[in-house]
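Residue strings, one per chain:
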Amino acid sequence: MLSQPEGSKDGPVHIELRPQSAHAVDAPAKLRARDVNVFYGDKQALFDASLDVPEKAVTALIGPSGCGKSTFLRCINRMNDTIATARVTGRIELDGEDVNDRSIDPVLLRARVGMVFQKPNPFPKSIFENVAYGPRIHGIATGKRELEHVVETSLKRAGLWNEVADRLQAPGTSLSGGQQQRLVIARAIAVNPEVILMDEPCSALDPIATARVEELIDELREEYCIVIVTHSMAQAARVSQKTAFFHLGKLIESGNTDEIFTNPRDTRTQDYITGRFG
Amino acid sequence: MISWAVLAALVLFSAVTYALGRRKLTAQAAGQGRDRAHSRPGYHGAYVMLWVAVPAAAVLLLHGAFGGRIAAAAVQAEKPAAVAALTPQQRMVFYDDVQSTVVGRTPSEIIYAPDVREALDAEAREAVRIEMGLRLAAVAAALVLAVAGFVFSYRRVRPEFRARQHVEGWTAVLLFACSAAAILTTVGIVASLAFESFRFFQAVPPHQFLFGLDWDPQIAMRSDQFATSGAFGAVPLFVGTFLIMLIAMVVAAPIGLLSAIYLAEYASRPTRAVVKPLLEVLAGVPTVVYGFFAALTVGPLFRSTFNAIGAQLLGGPFHELGLYLSQVQNQMALVAGAVMGIMLIPFVSSLSDDIINAVPQSLRDGSLAMGATPSETIKKVVMPAALPGIVAALLLAVSRAIGETMIVTMAAGLQAKTTLNPLDTVTTVTVQIVTLLTGDQEFDSPKTLSAFGLGLTLFVITLILNVIALRIVQKYREQYD
Amino acid sequence: MTDAALPPAGAQPALQRSAIEARLKARRAREARFRWYGRLAITAALLFLAVLLGRIVSQGYTTFVDYRMSVPVYLDPARIDPTDPTGANYDLMVADAVLAKLGETDDALGTTSGKLMALLSTDLGFQLLDKVRADPRLIGQTVTVTGPVRADASLYFKGLVDASAAETDRKLDDRQIAWLEKLRSLGMVSSGFNTSFLTRSDSTEPEQAGVLGAVVGSALMLLVTGLLSVPIGVLAAVYLEEFAPKNRWTSIIEVNINNLAAVPSIVYGLLGLAVFINWLAVPRSSPLVGGLVLALMSLPTVIIATRSALKAVPPSIREAALGVGASRTQTVFHHVLPLAMPGVMTGAILSLAHALGETAPLLMVGMVSFVPGVPAGFTESATVLPVQVFIWENASERAFHERTAAAIMVLLVFMIVMNLAAILLRRRFERRW
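Quick notes on the rules
Residues numbered from 1 in each chain as written. Chains lettered and ligands numbered in written order. Predicted model: local features only at pLDDT ≥ 70, side-chain atom pairs only at ≥ 80, totals over all residues. Heavy atoms only, no water. Helix = DSSP H or I, 4+ residues; strand = E, 2+ residues; numbered from the N terminus. Rg over C-alpha atoms; globule rule 2.2 N^0.38 Å. Buried < 20%, exposed > 50% of the residue type's maximum accessible area, 1.4 Å probe, protein only. Contact = heavy atoms within 4.5 Å. Areas by Shrake-Rupley, 256 points an atom, 1.4 Å probe, with all protein chains shown as cover. Lys, Arg positive; Asp, Glu negative; His and termini not counted. Charge placed at Lys NZ, Arg CZ, Asp CG, Glu CD. Pairing = 2+ DSSP bridges. Right-handed = clockwise from strand over helix to strand, strands pointing away. Buried area = accessible area lost by both parts, 1.4 Å probe. Salt bridge = Lys/Arg side-chain N within 4 Å of Asp/Glu carboxyl O. Polar contact = N/O pair within 3.5 Å; in protein donor to acceptor, adjacent residues only side chain to side chain. Core = buried A, V, L, I, M, F, W, Y, C linked by side-chain atoms within 4.5 Å. Phe/Tyr/Trp six-rings, centres within 6.5 Å; stacked < 30°, edge-to-face > 60°. Lys NZ or Arg CZ within 6 Å of the ring centre and 35° of its normal. Nonpolar A, V, L, I, M, F, W, Y, C, P; charged D, E, K, R; others polar. Patch = residues over 30% accessible without salt bridge, like charges linked within 9 Å, V, L, I, M, F, W, Y side chains within 5 Å. Domains from an automatic or database assignment. Axes fitted to C-alpha atoms, helices over the stretch in contact; angles between N-to-C directions. Parallel < 35°, antiparallel > 145°, perpendicular 65-115°, else oblique. Left-handed = near helix turned anticlockwise from the far one by under 90°. pLDDT = per-residue confidence, 0-100.

What follows covers the overall build of chain B. Looking only at helices and strands, chain B has 17 helices and two strands in total. Its C-alpha radius of gyration of 32 Å places chain B more than 25% over the 23 Å reference for a compact globule of 481 residues. When the backbone C-alpha atoms are referred to their principal axes, chain B occupies close to 95 × 80 × 35 Å. Within the span of chain B, comprising 481 residues, buried residues form 47% of the whole. Relative to all contacts within chain B whose residues are 6 or more apart in sequence, the contacts with residues 24 or more apart total 74%. Taken as a whole, chain B presents about 22,900 Å² of accessible surface, with 65% of it coming from carbon and sulfur. In chain B, the 34 positive side-chain charges and the 31 negative ones have mean positions that sit 14 Å from each other.

Right, dumping it as structure tokens:
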């Protein structure tokens, strides 16, 4: 079902569009997906999805639940590999290289493509250790000074530094839900990825925390390529420059966010946006 | 004991009264149309049957449990002169023989003086009379109660009678009694251990027991002497138990944990489907089998290996060591410890498996999505998250190792030695309990009572370990549920 | 919110990538090593299992073949008194008969026949005695008896005696071995499946020892254990799960039961000794007292298993029953408990299988004595299979070792059957809610 945007109670869904920056979808594609199919055992979850994802912008994947958007997202950083019965076909190119190629090590890939999950999942470690986790294992930063610098930088970028600077040794789980999600974002940023994938990052957060995270996303898109799965069309309209609509495992249409929301080409997109189905 | 005939009669009578109760209600409730009975006929039948069977069965049960003692006390109440002249110890044997004669077992081989022999026959006849009398009394009481119960309950069978409530009341009492059984067991364990240990500690002071370094449980040959020649310092036993437990954990913990990790994180479904049942088989093997394996396979194997190594070292720079190694015995602590470790592997593995699987997948996903390898995820995220549970599992394994009896009884020795050398022969608390109680000992000597002292110590220590472990697991589960 | 003075993200991607790549090889190596440790651990565990079972089977299977001798014995009326047949020396008569067959005679001191009797089981003599007692008219006739050869001779025939070792190091000397070979060539020795192992009870002579008494003792004991622990345990669990109010007392009881399940089994033996044998005067070494002790030991396991089975039944069942007007008791006994039955039965069978293999508590209540016959009732002296294994293991004779292993095989077969029954039961009747 649709989630109502802030402020409106009853009546037709009201989508508020933000003014788009110059960078929009004309920039060269950071990610290129061509004819991607995903099977879980015998069941096919994604049918021939093809999409260009631009750099330094936010691309939103919308659609009703179970339509394949999270599946598609997980293909980008090969998280579907962790599921034994999953099978992926097609090409997904990151800067021209197919990520599914045998010669690509998923470890390297995931250092370039970070992920934030629906429910905040900080490790049972201190705030400092959470953020330092990535740089440590990849060997990006070694030694106390370097790690401290990376942690501080990442927390500042994630907008969490001021709130936790005095208690970096406190457990990551002692933060509030919204803070945890920003911690997780800081953790993802700490390894300097090129792409950040976000799977419904705000659905477990209250409206105020959601607003803060959306602000953060807006700032981050100046540096990173961001792909966000969201079931809230209002959110997609607020934060993204490009939007792709999925339905029943197929990518129905994609394009500039304002075009999709004001003048969609496909009737199914129209029906979804106007709330005919959820 | 009550004969089968009496029991069968009680069951039959109960069945009959059940039928009668049912029939009465059916007869009375028929033809009443809309004014139906409160409860179905079966409940009325059950109500009658309960009032008939339960009091009678209770009497018979009491007779079964306590009848023997009451009879024995009655027989011993008035002793003929010849018997009174015997020492308490001789008297105990005498009355055992009386009992054997009554029951038809072969009595002891003691040759009695003629007047004592005569007294034995007289007492035996008396005992038979008393037991008959008691049995009759019990059956009569049961009969009276059964009939009275029938009369009382049958009269109340009417359509308006809320039989179902009463029967369900009985049911509730029965259920409660059954759960009380569990409590009673604990009370029983604690009470019996404490009571007997108390008697032991009257002969041997607790601090001597807990801190004494000399374990040499002898009793004096004469019955009126106390254990002045024995030593009951249990420290060598504690050290021996600890040593073997340590060796067992060194074997079981790494293998158990690593196999659990592999099965939980890496193994494919077909692998898991084959390996897990096989590990269950290892867990199901009785400990006496492990003991046999330790005594007849592992013991000789280790001994011959060490002896051979020792023989090689003789005459060289490690001559002393060689001499020692060529003389090690089958019963070295290493043997019992290693086999106990093998026994504990599936225990550690299955507990750890549960713990590891309880760690949420979202933590693994978070780590993998950052570009960590599976082993890094396990070592840096999953295991730290699972740590409290793993510690609890290891504590439970330690508790199991400490309380294990058969492997050590069959593979470890009887010499009480305070040593941490795995090649030495040591003995444990459990071995001593078995040795002390499976000889031909009279029950009250400090020697046999010391077994209860050991048992109490064992119970307390394993209880503490278990309580700590279960508390940790509870807190850990709360974290992730 | 973010600090504008920060360096832009992804400032040195190339440098970073090469740093990551440099470490990657070592990380992959660690990954592979770690996997190998896991595989090694599992292989070690399974190897231990294979060695354990393999050793037992290899040591025990020879028991199931036994060697028998058939001897025609002349029942000399001069040596047997018809009014008191027990006085005659039947073993000597058998030995004389065999000597005759071998073409030898006894010497004055009887050492030859004595040596021969070391190869013949006393069972032959007992058979003759029984026959004569049953029918005294057999005196003066020649009766053929067939019985097992003595333990050492049997080991020889199975190839387990090293004939090449020095004579003093062996149990059988050269003359005895020569006799055995001659008897074999005369066709007086036959081999076959050793049914007597399964049909006889314990004996001091290894070749006559069997597990029947122990099996019957185990069966009687398990009957007592089952009849006590299963109903009481199930009903206790029903009370705790369905009826008891959730307050401090019930959580104390729950902690109590969990702790009882982890108490070492030998403590239950001590409890049995102190309470059942000393206080309640239950007959020592009987299946009754053994069953009582093991019932107490199994009670917590049955309660825990039943509670999980009850918890697995969804609340909607209970709500539906209450909704049509059933009372609490009716809901539980007519609806919930039947649905939980497969889980309850599985738990009960598994706890009984575990009780079958228990030894230590039974040693405490006296079941370690030598019991030559089959126990006829619950209050008679008996032994159980695992204790029989323990007793035989202590025996020094080699022949008892193979029998111990064979008894273990019998025990394991029973346990496998029970475990399989439990698993099949679970698979067949398990419901997925």
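Glancing now at the side chain of Ser113(C). Residues and elements named next belong to chain C. Within the element layout of this structure, Ser113 appears in helix α3 (residues 111-117). Its relative accessible area of 2% is what places Ser113 among the buried residues. If near-sequence neighbours (up to four positions away) are discounted, Ser113 is found in contact with Leu92, Ala95, Leu99 and Asp106.

Every other side chain in a regular strand lies on the same face of the sheet, so the side chains alternate between the two faces. Residues and elements named next belong to chain A. Buried residues dominate strand β8 (residues 225-229), accounting for five of its five residues. By the alternation rule, side chains of β8 split into Cys225, Val227 and Val229 and Ile226 and Ile228, which are all buried. Sheet analysis places strand β3 (residues 58-62) next to β8, joined by four bridges and oriented parallel. Within β8, the residue paired with Val58 across the bridge is Ile226. For the crossover that starts at strand β7 (residues 195-199), traverses helix α7 (residues 207-220) and ends in the parallel β8, the hand is right-handed.

Quick look at the interface of chain A and chain C now. On the side of chain C, 17 residues touch chain A, which itself brings 23 residues to the contact. Buried surface at the junction of chain A and chain C, summed over both partners, amounts to about 1,900 Å²; 55% is from carbon and sulfur atoms. Considering only the side of chain A, the residues that lose the most area to chain C are Leu108(A), Lys156(A) and Arg157(A), jointly responsible for 24% of the buried surface there. Between chain A and chain C we count one salt bridge in total. Where Asp105(A) meets Arg28(C), a salt bridge forms, and the shortest distance between an N and an O atom there is 2.4 Å. Counting every contact that joins chain A to chain C gives three residue pairs in polar contact (both at pLDDT 80 or more). When residues of the side of chain A that touches chain C are traced back to their parent elements, those giving at least two are α2 (106-112), α3 (127-138), α4 (144-157) and α7 of chain A.

Let us look at the nonpolar core. Grouped together as the largest cluster of nonpolar side chains are 156 residues, with contacts concentrated most on Tyr290(B), Ile433(B), Leu454(B), Tyr268(C) and Phe276(C). It is helix α8 (residues 235-266) of chain B that contributes the most residues to this core, 15 residues altogether. Not counting chain neighbours up to four residues away, the residues in contact with Tyr290(B) comprise Leu282(B), Val285(B), Val339(B), Ile342(B), Met343(B), Ile407(B) and Leu52(C). Membership of the second largest hydrophobic core comes to 48 residues, among which are Trp161(A), Leu175(A), Ala209(A) and Phe261(A).

A full pass over the atoms with the stated rule returns 22 aromatic pairs over all chains. With 5.4 Å between their ring centres and 80° between their planes, Phe200(B) and Phe209(B) make a pair best called edge-to-face. Judged by its relative accessible area of 0%, Phe209(B) falls in the buried class. A connected cluster of aromatic rings, assembled from ring pairs, spans Phe200(B), Phe201(B), Phe209(B), Trp215(B) and Phe232(B). One Lys or Arg, Lys250(A), reaches over the ring of Phe47(A) and ends 4.8 Å from the middle of that ring. Stacked on the ring of Phe347(B), the Lys or Arg Arg400(B) has its end atom at 4.9 Å from the ring centre.

All names here are of chain C. Here strand β1 (residues 65-74) runs beside strand β3 (residues 189-193); their pairing, made up of five bridges, is antiparallel. In the sheet register, Arg68 faces β3, and the bridge partner there is Ser190. Where β1 meets strand β2 (residues 142-148), seven bridges bridge the pair, whose relative direction is antiparallel. Paired with Val73 across the two strands is Val143, which belongs to β2.

This part covers the interface of chain B and chain C. At the junction of the two partners, chain B supplies 79 residues and chain C supplies 77 residues. Each partner contributes to the roughly 6,700 Å² buried at the junction of chain B and chain C, and carbon and sulfur atoms together form 77% of this total. Ranking the residues of chain B by area buried against chain C places Leu175(B), Tyr262(B) and Phe292(B) at the top, with a combined share of 10%. For the pair chain B and chain C, the interface holds one salt bridge. One salt bridge in this structure joins Glu376(B) and Arg27(C), with 2.7 Å as the shortest N-O distance. In this assembly, chain B and chain C are joined by twelve residue pairs in polar contact (both at pLDDT 80 or more). With 18 residues, the top contributor of residues to the side of chain B that touches chain C is helix α6 (residues 163-203) of chain B. Residues of the side of chain B that touches chain C, tallied by class, amount to 52 nonpolar, 21 polar and six charged.

So, on to a positive patch on the surface. Positive charge collects at one region of the surface, where Lys379(B), Lys380(B), Arg30(C) and Arg33(C) lie side by side. Elements represented by at least two residues in the positive patch include exactly α14 (374-403) of chain B together with α1 (13-60) of chain C. Accessibility expressed as a relative area gives 35% for Arg30(C), which makes it partly exposed.

Another point: a nonpolar patch on the surface. Residue and element names in this part refer to chain B. Taken together, the side chains of Val460, Ile461, Ile464 and Ile468 make up a nonpolar region of the molecular surface, amounting to roughly 320 Å² of accessible area. Looking at the secondary structure, you find Val460 in helix α17 (residues 446-480). For Val460, a relative accessible area of 39% corresponds to the partly exposed category.

Take the domain arrangement of chain B next. Interface size is commonly expressed as the accessible area that is lost once the parts come together. Split into domains, chain B comes out as domain 1 (4-161) and domain 2 (231-480). Each of domain 1 of chain B and domain 2 of chain B has a C-alpha centre, and these two points are 48 Å apart.

Glancing now at the packing of helix α1 (residues 4-29) of chain B against helix α2 (residues 41-77) of chain B. Residues and elements named next belong to chain B. In the contact formed by α1 and α2, the axes pass within 7 Å of each other and the chain directions differ by 155°. Classified by the angle their axes make, α1 and α2 are roughly antiparallel. Considering the relative orientation of α1 and α2, their crossing is right-handed. Together, Val6, Leu10, Phe13, Ser14, Thr17, Tyr18, Gly21, Arg22, Leu25 and Thr26 of α1 and Pro41, Gly42, His44, Gly45, Ala46, Val48, Met49, Val52, Ala53, Ala56, Ala57 and Leu60 of α2 make up the contact between the two elements. Looking at side-chain class alone, the contact of α1 with α2 contains 14 nonpolar, seven polar and one charged residues.

Residue and element names in this part refer to chain C. Reading across from one edge, β2-β1-β3 is the order of the three strands in this open sheet, with antiparallel pairing throughout. Looking at which strands have only one partner, the edges of the open sheet turn out to be β2 and β3. Mean inter-strand twist for the sheet, computed between neighbouring axes without regard to direction, equals 30°. In the packing of helix α4 (residues 122-134) onto the sheet, contacts are made with β1 and β2, and the angle to β2 comes to roughly 140°.

Before going further, it helps to spend a moment on the confidence of the model for chain B. Confidence in the prediction of chain B, expressed as mean pLDDT, is 85, and 93% of residues score 70 or more. Highest mean pLDDT in chain B belongs to α8(B) (95); lowest belongs to helix α3 (residues 81-84) of chain B (71).

Residues and elements named next belong to chain C. Domain annotation for chain C reports domain 1 (69-194) and domain 2 (212-429). Centre-to-centre, using C-alpha coordinates, domain 1 lies 46 Å away from domain 2. At the interface, five residues of domain 1 touch four residues of domain 2. Carbon and sulfur atoms make up 49% of the area that domain 1 and domain 2 hide from each other, which totals about 430 Å². If you sort the residues of domain 1 by the area they bury against domain 2, Ala151, Leu155 and Leu160 come out on top, with a joint share of 64%.

All names here are of chain A. Even without being glycine, Asp35 reaches a positive phi, approximately 50°. In this fold, Asp35 is placed in strand β1 (residues 29-40). Using a relative accessible area of 45% as the deciding quantity, one classes Asp35 as partly exposed. At Lys56, a position not held by glycine, the phi torsion is positive, near 50°. In this fold, Lys56 is placed in the loop between β2 (43-54) and β3. Lys56 gets classed as partly exposed once you look at its relative accessible area, which sits at 32%.

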